[in-house]
Amino acid sequence: MDNKTIEATLLEIARTLELKGENPFKVRAYENAARAVASLEEDVATLIREERLKHIPGIGASIREKLLELCGTGQLAYLEELRAGIPAGVFDLMKVQGMGPKKTKAVWELLGVTSLEELEKACRDDRVAHLKGFGKKTQDKILSGLALLARTRDRVLRAEALPQARRLADALAAVEGVERVEVAGSLRRGRETVRDVDILVACPKAEPVMEAFVAHEDVADVIARGPTKTSVHVHSGLQVDVRVVPPESFACALAYFTGSKEFNVHLRQLALDQGFTLNEYSLRPLDGTPAPALATEAELFGKLGLAYVEPELRENTGEVDAARAGTLPTLVEPGDIAGVLHVHTTWSDGVGSVADMVEEAARLGYGYVGISDHSQAARYANGLSPERLRAQREEVEAARAAHPGLVVLHGVECDILSDGALDLPDDCLAELDFVIASVHTELGMDRDRMTARLVRAVSHPLVRVLGHPLGRRLLERESSQFDWEPVLEAAGHNGVAIEVNGQPQRLDADWIHIRRIRARGVKLCINPDAHAPGTLDDARRHALVEARRGWASRDDVVNSLPADRFVSEFLRRQAAPARPARARR
DNA sequence: GCCGTTTTCGGCCCGACTGTTTTCAGTCG
C-alpha cells in the first residue's frame, strides 16, 4: 500500500471524527499523522518492515497499530466502523466554503442532505435558512460557495496565481502610507498549487488599503471585510486575502502569514516553552515585560534560538529542529544554475528555433544550454528520427558559431519504450552530447513493470538524465507508480541525474522525492523543459523552487557546475562541445 | 490521539470575521 493511500485513509478518519464531533485534538492528531506520512521519504511499508515507524513524530502507538493493520490487510476495521451510516456524499458538503463539520452535520441530519445537488436544492427551497444557527445570509453564502466549487478547481498552479498576486500587491504598494507589501502564504513557500493568495501590507492605517483593495478592477466579489483582514474573489475565481498590520508588527506578521499552519503551531509552542506568546503582532514575554522590537523574520527566529528558516522549508517536516541544531542546508540559489538542458525547438514540438532558444539562453546569462527535442516514438510531438537528429546538428553548429561564449550542447529527450529500451539506436545516441531519457507513454503501467522499465533506462550507459520521473501533471494526472530505491540505485551507479522539471504543471521530481534522491546521493538536474524562448528560465523560476523545497543545496545540483566541469565530470565527454568555437570540418 | 529535563496526566497556537445572536459558535487560516 503506497503512502498516498495511507495519507488519504488517515485524512478520511479525521474528517469522519470531525463530523462526529470528536475531540478536535484527536482530529488534529490524525491530520498530523497524515502529513507525517505524506512527507515521508520512504514507504510506510518499509518503515514497518524495519521497525522504524515508532521514530516518526506524530505517529504514536495507536495510529501505528492502525497502520500495521492497514498495510498488512489492506483494510482498517476502525475506519469501517466509523464510516458506517455516513453516506459518502456528506464529505463533499464540507468542501463548500463556509461549510464546516457542524453545519454539514446539521444539513445532513436535519434535512437529509447527502450530496452537493441536494444541498443546492435545499437552499433553493429555502429550507436551510430556517435551521437553528443558520439564516438567510448563510443560505446565500452556501449557494455562492456551491457556484464557486462548480466553476473553479479547488487549487490553481503557482505559476497562474503568482502574476495575479503580484498585480494586486503592486497596486497596494502604491497606496499612500504603505511601507511594505509582501506576497505571503503558500505562494511564498513555493507550493506547486495554491488554494488562495495571501498579501501582507505594513501600513499605520488599514482603511485606505482596504478601500483600494476592494475597489481594484480585478476584484469580483468581497467575501469578508474587516478592519485588518479582507477576503475577495478575483475574476478568475481565485481567493485573495489581504492583511494590514502596523509596520512594527511586520516581521511577526510575515512569519505568521507565510505559514505553514503546522510550522506556526510548532513555532508558537516553541515560544511558549521559552516564556513568550507569539501571534501575528509580536513576540510578547509572558512575564509582562515589553515585547522586543523585531525588524526581520531572522531576528524573530533568532529570539527563539533558531537559524533563519527559508520559506520553502516551512512545512514542519524537521526544519525547526534543524534550525535549532544549526544543521539547515544552504539552499541552492538562482545564481547557482550555470546552465540548463532539456530545451525543445521547432524541430519537434517547440515554438522557437534552435537559434531562438540559444539566443535566449545567452541573454539569460547561462554558460551552457542543451538542445533536446523529442525522439521518433513521440509522433504527436513530431519526434526526431536518427536522420533528422543528424540534420539538426547543422543548426546547432551554426548556433555555436553565433555564440562563442556559450557552450551549446546537442542532445535528445529520448523516449523510454515500454520495455525500458531507448527509442533511438546506440550509434545515434553516441553522436550526441547528452541523452535525457523520459517516459511519455503507458504512464499507468503497473508498479513492478514501471520499476523495471526505469531501472533499465537509467542503466543505459549513454543516458545522463532521467526526465520528469513521476510523469504527473498537476491538477490533471497522477504520478506513475514505481519503486524509487532500485531506480536510484541504478541511477547512482551509472552517474545519472534525476531531473527537476520546471514546467509549472510538472515540477517533477517533486520536493518530497527530491529529499529522497538527495539522501541517496543522486544528483539533480534543474531543467526548464522549455518549448518557447519565454519558458527557458522556468528552470530558475519554478524547478529551482521545487528543489529548494526538497532541501537541495548547490552541491546536489549537477548543473551548478561551470560548463567545462559539467562536460568533463558529468557528461564525461572530452569531444567538441567543450570548445564550441573550434571548427570541426 | 500525541507527547514529556518541570509533567505518564493534562495539556494541546492564536486571532479575525460573520451571522445569528443578546454573548458567542462556527469557520477559516
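None of the values given here were measured: they were computed from a predicted structure.

A tally of helices and strands in chain A yields 24 helices and 16 strands. In terms of overall size, chain A behaves like a compact globule, its C-alpha atoms giving a radius of gyration of 26 Å where 585 residues would be expected to give roughly 25 Å. By the burial criterion, 53% of the 585 residues in chain A qualify as buried. Nonlocal contacts in chain A, meaning residues at least 24 apart in sequence, comprise 67% of its contacts between residues at least 6 apart. When the accessible area of chain A is evaluated, it comes to approximately 25400 Å², of which 51% is carbon and sulfur surface. Counting 76 positive and 88 negative side-chain charges, chain A places the centres of these two groups 2 Å from one another.

Another point: the pattern of salt bridges. Throughout the structure, instances matching the rule amount to 50 salt bridges. The partner of Glu-315 in a salt bridge is Arg-549, with the nearest N and O atoms 3.2 Å apart. Taken together, the positions of Glu-315 in the loop between helix H15 (297-303) and helix H16 (319-325) and Arg-549 in helix H23 (residues 538-549) put the pair 234 residues apart, joining distant regions of the chain. An identical accessibility class is assigned to Glu-315 and Arg-549; each is buried. One salt bridge connects Glu-360 with Arg-363, and the closest N-O pair in it is separated by 3.0 Å. Placement of the pair is Glu-360 and Arg-363 together in helix H17 (residues 354-363), with a separation of 3 residues, close to one helical turn. When salt bridges with common partners are traced through the structure, they connect Arg-35, Arg-189, Glu-262, Glu-315 and Arg-549 into a single cluster.

Taken together, 48 residues form the shell around DNA strand B, and within it Gly-60, Gly-135, Arg-195, Tyr-256 and Arg-268 come nearest. Taking all atoms of DNA strand B within 4 Å of the protein, the share assigned to sugar and phosphate is 78%. At 3.4 Å, a backbone N or O of Ser-62 approaches a phosphate oxygen of DNA strand B. One of the backbone N or O atoms of Lys-137 is found 3.4 Å from a phosphate oxygen in DNA strand B. Elements with a minimum of two residues in the surface near DNA strand B: helix H2 (24-38), helix H4 (61-73), helix H7 (101-111), helix H9 (136-151), strand S5 (219-225), helix H14 (261-273) and strand S8 (276-278). Grouping the constituent residues of the surface near DNA strand B by class yields 18 nonpolar, 15 polar and 15 charged.

Our focus in this paragraph is empty space enclosed by the protein. Tallying each qualifying case throughout the model produces 2 cavities of 30 Å³ or more. Reported here for the largest cavity is a volume of approximately 50 Å³. In this structure, the largest cavity is lined by Cys-252, Ala-255, Tyr-256, Asn-264, Leu-267, Arg-268, Leu-278, Asn-279 and Leu-300. Broken down by class, the residue content of the lining of the largest cavity amounts to 6 nonpolar, 2 polar and 1 charged. Estimated volume of the second largest cavity: approximately 30 Å³.

As a further point, take the layout of surface pockets. Its boundaries defined by the atoms lining it, the second largest pocket holds a volume of some 350 Å³. Sorting the residues of the lining of the second largest pocket by element identifies helix H10 (158-173), strand S2 (180-183), helix H11 (185-189) and H23 as the ones contributing at least two each. Looking at which element gives the most residues to the lining of the second largest pocket, the answer is H10, with 7 residues. In the lining of the second largest pocket, the residues fall into 8 nonpolar, 1 polar and 7 charged.

The subject of this paragraph is H23. In this model H23 runs 16 Å from its N-terminal to its C-terminal C-alpha over 12 residues, within 8% of the 16 Å that 1.5 Å per residue would give. The buried fraction of H23 is high, at 10 of 12 residues. Of all the residues in H23, the buried ones are Asp-538, Ala-539, His-542, Ala-543, Leu-544, Val-545, Glu-546, Ala-547, Arg-548 and Arg-549. Structurally, H23 contributes buried residues whose contacts are with H10, H11, strand S10 (339-343), strand S15 (497-501), helix H22 (511-519) and strand S16 (524-527).

Overall, the coordinates contain 7 aromatic pairs when judged by the stated rule. Arranged with centres 4.4 Å apart and planes meeting at 25°, the rings of Tyr-368 and Phe-566 form a pair that is stacked. Of this pair, Tyr-368 sits in strand S11 (residues 368-374) while Phe-566 sits in helix H24 (residues 563-571), and the two are 198 residues apart along the sequence. Measuring from centroid to centroid gives 5.2 Å for Phe-566 and Phe-570, while their planes differ by 45°, and the two rings are tilted. Of the two residues, Phe-566 and Phe-570 are both situated in helix H24; the distance of 4 residues between them amounts to about one turn of the helix. On the basis of relative accessible area, Phe-570 is assigned to the buried category, the value being 5%. Taken together, the aromatic side chains of Phe-263, Phe-301 and Tyr-308 make up a single cluster linked through ring pairs. In this arrangement the basic side chain of Arg-549 is found over the ring face of Trp-511, its NZ or CZ atom lying 4.6 Å from the centre.

Reading across from one edge, S2-S4-S7-S6-S5 is the order of the 5 strands in this open sheet, with mixed pairing throughout. Only two strands of the sheet have a single neighbouring strand rather than two, namely S2 and S5. Here the strands of the sheet are splayed against their neighbours by 20° on average, with no regard to which way each runs. Across 5 bridges, the pairing between strand S6 (residues 229-234) and strand S7 (residues 239-245) is antiparallel. Residue pairing across strands places Thr-230 opposite Val-242, the latter belonging to S7. Lying on the sheet, helix H12 (residues 207-215) is in contact with strand S4 (196-202), S5, S6 and S7; it crosses S5 at an angle near 145°. The sheet strands contacting helix H13 (residues 250-258) are S2, S4 and S7, and the helix crosses S4 at an angle near 175°.

Moving on: the packing of helix H1 (residues 3-19) against H4. Closest axis-to-axis distance for the H1/H4 pair is 12 Å, and the angle between their directions is 130°. Judged by the angle between their axes, H1 and H4 are oblique. For the element pair H1 and H4, the recorded crossing hand is right-handed. Of the residues in H4, those touching H1 at Ile-6, Thr-9 and Leu-10 are Ile-63, Leu-67, Leu-70 and Cys-71.

Relative to the helices and strands, Lys-303 resides in helix H15. Assessed through its relative accessible area of 42%, Lys-303 is described here as partly exposed. For the pair formed by Lys-303 and Leu-283, sequence separation is 20 residues and the distance between their alpha carbons is 8.9 Å. Among residues more than four places away in sequence, those in contact with Lys-303 are Gln-274, Leu-283, Pro-292 and Leu-294.

On to the domain arrangement of chain A. One can read the domain layout of chain A as domain 1 (1-67), domain 2 (87-153), domain 3 (156-245), domain 4 (251-325) and domain 5 (334-571). In this structure, domain 1 and domain 5 have C-alpha centres spaced 35 Å apart. Between domain 1 and domain 5, the contact holds 8 residues from the first and 7 residues from the second. Interface area, domain 1 with domain 5, both sides summed: about 640 Å², of which 39% is carbon and sulfur. If you look at where domain 1 meets domain 5, you find 3 salt bridges. Close ionic contact of Arg-515 with Glu-41 constitutes a salt bridge, the shortest N to O distance being 3.2 Å. The interface formed by domain 1 and domain 5 includes 2 residue pairs in polar contact (both at pLDDT 80 or more).

Conventions used here
- Residues numbered from 1 in each chain as written.
- Chains lettered and ligands numbered in written order.
- Predicted model: local features only at pLDDT ≥ 70, side-chain atom pairs only at ≥ 80, totals over all residues.
- Heavy atoms only, no water.
- Helix = DSSP H or I, 4+ residues; strand = E, 2+ residues; numbered from the N terminus.
- Rg over C-alpha atoms; globule rule 2.2 N^0.38 Å.
- Buried < 20%, exposed > 50% of the residue type's maximum accessible area, 1.4 Å probe, protein only.
- Contact = heavy atoms within 4.5 Å.
- Areas by Shrake-Rupley, 256 points an atom, 1.4 Å probe, with all protein chains shown as cover.
- Lys, Arg positive; Asp, Glu negative; His and termini not counted.
- Charge placed at Lys NZ, Arg CZ, Asp CG, Glu CD.
- Salt bridge = Lys/Arg side-chain N within 4 Å of Asp/Glu carboxyl O.
- Near = heavy atom within 4 Å.
- Polar contact = N/O pair within 3.5 Å; in protein donor to acceptor, adjacent residues only side chain to side chain.
- Nonpolar A, V, L, I, M, F, W, Y, C, P; charged D, E, K, R; others polar.
- 1 Å grid on protein atoms, 1.4 Å probe; cavity = no way out; pocket = protein on both sides within 12 Å on 5 of 7 lines; lining within 4 Å.
- Points joined across faces, edges and corners; volume = space filled by probe spheres on them.
- Expected span 1.5 Å × (residues − 1).
- Phe/Tyr/Trp six-rings, centres within 6.5 Å; stacked < 30°, edge-to-face > 60°.
- Lys NZ or Arg CZ within 6 Å of the ring centre and 35° of its normal.
- Pairing = 2+ DSSP bridges.
- Axes fitted to C-alpha atoms, helices over the stretch in contact; angles between N-to-C directions.
- Parallel < 35°, antiparallel > 145°, perpendicular 65-115°, else oblique.
- Left-handed = near helix turned anticlockwise from the far one by under 90°.
- Domains from an automatic or database assignment.
- Buried area = accessible area lost by both parts, 1.4 Å probe.

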